[in-house]
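# Summary of structural features
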Amino acid sequence: MRRSPKDDPERGTPDSARPAAARRQDPMSPALIRQLARPVSRTVPWAAIVAGGTLGLLLAWIPRGLVGEADARLCLTFLRAAMLTFALGLAFLFDDPARHTTAAVPARRPVRAGLRVALAAPVAAVWWAAAVALIPAGGRPPVGAVTLEAAAVAVLALAVAAAGVRFSDEARPGARASVTLLVVAVAAQLLVPDRWSPFVTVDDDRWSAAHHQWAALLAASVLAWAAAVREPHRHHRIRLPRRAAAPRPSTH
């Protein structure tokens, strides 16, 4: 016998009459994300990001303050130093003093992490536009190519920071992430052979090939960040049923 919708407790009951657990809000709903935006913005370490951005703008301004014609190599060097400095500030983005108390909110970890990135992205875009504008026009490198470099370095910083959150219980892993990023940048500058180095100048014949490497680094960093912000897997032990003891032979 087929039950009617009125008799079906799942289909026939209106949403208003269902228990609260059945009317739980969708973790990906725009309404929930809007509700989380303000409290998440309060926990973003803006001071570290502003400090890194301010120092980066000072580095980008140095070629403008020098006397004489702007040197293209010098301008590129200071612009790369500026993007690294800002990325060191971004490495603190996932620092959250209330990390262990917000783990039970309805939004999943990728949503919370993505919300932090969405809040910082406009700040990063405005900062990068200002840094490029500070470079003298006569020595300014191709904007598209250096923007690719800046994006790769920034996303790499986010990936290292997200890995610090995933593989540790620290509420503030940003300091360790920034040191790791700095060590990686210095090691790449000193240890990578010249023919493979991505840090080439504009007049170098390997400029285009080097930016294929930057594009690959950007793609790899995006994938690493996406893997690091996933919800951790809960490992469950599988208990095998115990075998029934064999009956003992009778001694009679």
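Below is a summary of the structure that appears in this document.

How each quantity is defined
- Residues numbered from 1 in each chain as written.
- Predicted model: local features only at pLDDT ≥ 70, side-chain atom pairs only at ≥ 80, totals over all residues.
- Heavy atoms only, no water.
- Phe/Tyr/Trp six-rings, centres within 6.5 Å; stacked < 30°, edge-to-face > 60°.
- Buried < 20%, exposed > 50% of the residue type's maximum accessible area, 1.4 Å probe, protein only.
- Lys NZ or Arg CZ within 6 Å of the ring centre and 35° of its normal.
- Core = buried A, V, L, I, M, F, W, Y, C linked by side-chain atoms within 4.5 Å.
- Helix = DSSP H or I, 4+ residues; strand = E, 2+ residues; numbered from the N terminus.
- Contact = heavy atoms within 4.5 Å.

This model, assessed by the stated rule, comprises 3 aromatic pairs. Both rings, one in W127 and one in W128, keep their centres 6.1 Å apart while their planes meet at 35 degrees; by these two values the pair is tilted. For W127, a relative accessible area of 8% translates into the label buried. The exposure class of W128 is buried, given its relative accessible area of 12%. Every member of this aromatic cluster is reached through a ring pair, and the members are F86, W127 and W128. The cationic tip of R195 hangs over the ring face of W196; the distance from NZ or CZ to the ring centre is 4.5 Å.

Attention shifts here to the nonpolar core. Ranked by internal contacts, the top residues of the largest apolar core, which has 45 residues, are L90, L93, F94, W128 and W225. Among the secondary structure elements, those contributing two or more residues to this core are α2 (46-65), α3 (72-90), α4 (109-134), α5 (143-166), α6 (174-191) and α7 (207-228). Top contributing element to this core by residue count: α5, with 12 residues. Here F94 is in contact with A113, R116, V117, L158, A161, A162, V165, A171 and W225, once residues within four sequence places are set aside.

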